Each structure stands twice: as C-alpha cells, then as structure tokens.
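Examining the three-dimensional arrangement
Here's the letter readout for the chains.
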Amino acid sequence: MSNFHIETLAVHAGQNPHGDPTTNARAVPVYRTTAYNFRDSKHGADLFGLRELGNIYARLMNPTNDVLAQRLAALEGGAAAQTLASGTAAIYFTVTNIARAGDEIVSADNLYGGTFSQFDAILPNAGIKARFTPVNDFAAVEAAINEKTRLIFVEAVGNPALDVADLEGYAAVAKKHHLPLVVDATFTPPPLLRAIDHGADLVIHSLSKWIGGHGAGIGGVVVDAGKFDWTDPKFALYNEPDAGYHGLRFAHDLPDPLKPVAFSLRLLTVGIRNQGPTLAPDAAWIFLQGVESLPLRIARHSENALAVAKYLERHDKVAWVKYPSLTHPELAAKYLPNGAGGMVVFGVKGGSKEARAFADALNGEIFSLLANVGDAKSLVIHPASTTHSQLSDDDLRKGGVLPELIRLSIGLEHIDDIVSELDRAFAAI
Ligand SMILES: *Cc1c(COP(=O)(O)O)cnc(C)c1O
C-alpha cells in the first residue's frame, strides 16, 4: 500500500482488504487467545522448526497486534514494527536489543522523566552506561561517543521543554560513527513527522498518547527502518551466536530478505518471546481505532495548541511560552510543516506557588489535572512537583523543567471553550 497517503494508510494498512480471513469481519477482530491449535504433531514440529510460518503462542504472535504493527510501520515508512506493552518497554527493549553489559549509549538530556530515570538509574544495573548531552549540541555528542557507544537516542520534540531535535544533524553524527539513531517521536506522530525520512533508524512511540488518542490504554511500538547494517562486529548481539535463539547470528544467518529487519526479528524472538513485554490484544484493538482518525485528530490538536500558545503569549500573568513552531521556527518549518503537535508549556509569573495555584484553578470541567498527554481531553500538570519530582535540581534545570512551568496537553474541544477556561483560571490566581 506504500503509494497511498498517510490518511489512507491510517485506515487500511496492515489489514486484509477482504476482511478477516475466516469470518469476513470488516473491522479488525480482537483475537483473545493464548495459544493456537496445531493440525497434528508434524504441523507443531514444523512451526517450532520454522519450516512453516504460523501462530504458536500469543506472547509473541497475535493477529490483532500484527495488523497494528504493520499499520504503524506503514505510517512511519518503515520495513517492520514490533508492538510492546508500553512506550517505556519499547524504549528499554530497544536499548537492550542493541547494547549489552559493558556498552554505552549517548542520549539527549531533555527526556521524558521516566526515560531519563531508566537510562540514568536502571540501565547501569544491566551494565549499560548512558552519557547525556544537551539537545542539538553535536560537539557534545561527538565528545560523548567512544568505542563502547552502541546507539544515539533523542526525542523528536523533547518532553516537557518542547525543543525540536535537529534530526538530520543527529543522523549525520550517527552515520559517521556507524551507530543507529533511535528517535522517540511520541509528541509528533505521522503525519506531523516521519523521522525515518530524516535519517532515523528506529522510531519509538508511546501508543498511550496521541496514537491511541483517548487516554484509554497503555502500549508502545518500535518501527524499524530496515536500513541499518548490523554486521559491524561492535554489535556483538548481532554478530556472535545468540544463546537466546539457538546460536543464530542475527546479522549473518537470517535469509537475505529478512536481514534488513534483523533488529525487529531479534526484538521479537529474544526480547519479546523470552522477556515477555507483550502488548495485550485488547489494547492493540483500542490503538487501531485511534490510528484510523490520527491524521484528523493530530491536525486539530496542533491547531488548538498553536492558538493557545498565541493566547498565552499575550497574557500578562505569563512569563514565557514554548510551542515548537513559535520557539524554534526554523527547525519546526523543516521537520514539522504539517503542525507542531498538541503540547504547550509556559511559565506562570511568580514561580512554583503561582504555577501550582494555576493548575488547581484550571482543573475543572474541561482540563483535568493528571499525569498524561495526548488525550482527546485537555490536560494540565505542574511537572516539577509531579512527573519530574524525582530528578535533582540540576537535572531538572538541564531538562528545562523550571519551577514555574505548566504543561498543557491541548485536546479536541472547541478552542473558545479552552480559552475561556484558561481565562477563568488566570483570573483566580
Ligand atoms: C509517555 C511517554 C513515554 C512512555 O510511554 P508509556 O506508554 O507511558 O510507557 C515515553 N516517551 C514519551 C515522550 C512519552 O510521552
């Protein structure tokens, strides 16, 4: 289907156009099963021996999840994709599918709080060290790379400071050092951005946000561009016989047509099969409903958020405002020509106390005070006292999480109603 536009792929890609093969159901059914029948013991043996392809056990294969994975791969212009139980799992199992004990990764420092903690505090337990560099500081990235580095990680639009990553700059450094570029594009799903077109090798989304779009489930995906050459011996997990998959060398022993997606196959057969971060098919079904309207919704999110940012820029109780296309117009024009997403952050004049009072005043009929983004409903949070409260003051400043910062995830409500609620909350402080 690759000749069709993103809007068309969002509705059709990955599904048999004649419906479900056994029932002709037009919608993708939820396959709620743990295992799949073998016709006889020879069939079972052939499936296990990979002499025949087919379903065995739902920890690693489910037709509902498969449609979702293929659809998201099509939207991102990738060669394959794996769905996982959360965006967090997608990040962890991507890193550990490339780096092993003794290896390092280089990451931008303006990360989603949970990802920062994972890299900073949890990867070291697996023997993997993360080196953090300021976003778009390519001299710092170069300086952080050494012979142990195995990947570069960046958020396309950083959470919560809303910096826009210069993906082509990152891709150039990654290429020079023959490292895969891993992009968390959660804040900018297609058609806002297709990171692979700008040099990403792996694109990660938390499906829990705009792709699901209704605050109704947790999931993640990793899309594999299928372009990275894993035969470089420094990628030991791809070049040494893999004890996690009967001695297969993933960069060498796969049949030629599968070699480009060695990352994705290893993630499925080693990470997902034997470590178990499987997406539930019910959640996959929810995300399929979300994907169908994603292009329409994300356009409205972007339009509403831009209007809110402009309103805030004019407000006398606002110290500063960040919105990607207003704060970084050149990078946004290059990478986000179709809209800059649904997030707006701003500083309330005064500081932490005033910001918290504002969040409490806004929490009402339209805005909900909670730790999520990407819902159809508008959301508000004060990150310094909640999502990012486990970080040190120094790490907070590095991540751009200032005490007066309020983070808004702008929903699909009418813009006049959103603005009148903001007016009401400002009047109350
Ligand atoms: C929410 C989020 C994650 C984590 O995803 P979960 O599905 O909540 O595990 C990772 N990165 C970004 C940018 C996010 O917003």
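The shown structure was predicted, so the numbers you read here are calculated from the model rather than taken from an experiment.

Bringing the sheet that holds strand 5 (residues 181-184) into the picture now. In space, the seven strands of this open sheet follow the order 1-7-6-5-4-2-3, with mixed pairing throughout. The sheet is open, and its two borders are formed by strand 1 (80-84) and strand 3 (129-133), each paired with just one other strand. In this sheet, neighbouring strand axes are inclined to one another by 20 degrees on average, regardless of whether the strands run parallel or antiparallel. Here five bridges tie strand 6 (residues 202-206) to strand 7 (residues 220-224), and the two strands are oriented antiparallel to one another. Across the sheet, the residue bridging to Leu202 is Asp224, located in strand 7. Where helix 4 (residues 87-95) meets the sheet, its contacts fall on strand 1, strand 2 (104-108), strand 4 (149-155), strand 5, strand 6 and strand 7, and the angle it forms with strand 6 comes to roughly 155 degrees.

For the structure on display, the rule yields 16 aromatic pairs. Note on Phe119 and Phe153: the rings are 5.0 Å apart at their centroids and 85 degrees apart in plane angle, and the pair reads as edge-to-face. Here Phe119 is found in helix 5 (residues 113-122), whereas its partner Phe153 is found in strand 4, with 34 residues between them in sequence. Residue Phe119 shares its accessibility class with Phe153, and that shared class is buried. Among the aromatic residues, those joined into a ring-pair cluster are Phe228, Trp230, Phe235, Tyr238 and Phe263. Over the ring of Tyr238 we find Arg266, and its NZ or CZ is 5.9 Å from the ring centre.

For the rest of this paragraph, the subject is the site of the ligand. Lining the immediate environment of the ligand, one finds 13 residues, of which Thr88, Asp184, Ser206, Ser208 and Lys209 sit closest. At 2.6 Å from an oxygen atom of the ligand is found a side-chain nitrogen or oxygen belonging to Ser208. Protein chains shield 94% of the accessible area of the ligand, which is 380 Å² for the free molecule. Of the residues forming the shell around the ligand, the biggest block, three residues, is contributed by helix 4. Grouping the constituent residues of the shell around the ligand by class yields three nonpolar, eight polar and two charged.

Before going further, it helps to examine helix 4. Among the nine residues in helix 4, seven count as buried, and that is most of the element. Looking only at helix 4, the buried set comprises Gly87, Ala89, Ala90, Ile91, Phe93, Thr94 and Val95.

Looking now at the domain arrangement of the protein. Think of interface size as the accessible area that goes away when the parts come together; that is how it is often given. Along its sequence, the protein is carved into domain 1 (7-282) and domain 2 (295-427). Summed over both sides, the interface of domain 1 with domain 2 buries roughly 3,000 Å², with 65% coming from carbon and sulfur. Among the residues of domain 1 in contact with domain 2, Pro160, Leu192 and Trp210 are the three that bury the most area, contributing 25% of the side total. The interface formed by domain 1 and domain 2 includes one salt bridge. Put simply, domain 1 and domain 2 have nine residue pairs in polar contact (both at pLDDT 80 or more) between them. When contributions to the side of domain 1 that touches domain 2 are tallied by element, the ones reaching two or more residues are helix 1 (6-12), helix 5 and helix 7 (167-176). In the side of domain 1 that touches domain 2, the residues fall into 18 nonpolar, 13 polar and six charged.

Summarising burial for strand 1: five of the five residues are buried, a large majority. Here strand 1 shows two buried faces, one formed by Ala80, Gln82 and Leu84 and the other by Ala81 and Thr83. In the sheet, strand 1 pairs with strand 7 via five bridges, with the strands oriented antiparallel. Along strand 7, the bridge assignment pairs Ala81 with Val223.

Conventions and cut-offs
- Residues numbered from 1 in each chain as written.
- Predicted model: local features only at pLDDT ≥ 70, side-chain atom pairs only at ≥ 80, totals over all residues.
- Heavy atoms only, no water.
- Pairing = 2+ DSSP bridges.
- Helix = DSSP H or I, 4+ residues; strand = E, 2+ residues; numbered from the N terminus.
- Axes fitted to C-alpha atoms, helices over the stretch in contact; angles between N-to-C directions.
- Contact = heavy atoms within 4.5 Å.
- Phe/Tyr/Trp six-rings, centres within 6.5 Å; stacked < 30°, edge-to-face > 60°.
- Buried < 20%, exposed > 50% of the residue type's maximum accessible area, 1.4 Å probe, protein only.
- Lys NZ or Arg CZ within 6 Å of the ring centre and 35° of its normal.
- Near = heavy atom within 4 Å.
- Polar contact = N/O pair within 3.5 Å; in protein donor to acceptor, adjacent residues only side chain to side chain.
- Areas by Shrake-Rupley, 256 points an atom, 1.4 Å probe, with all protein chains shown as cover.
- Nonpolar A, V, L, I, M, F, W, Y, C, P; charged D, E, K, R; others polar.
- Domains from an automatic or database assignment.
- Buried area = accessible area lost by both parts, 1.4 Å probe.
- Salt bridge = Lys/Arg side-chain N within 4 Å of Asp/Glu carboxyl O.

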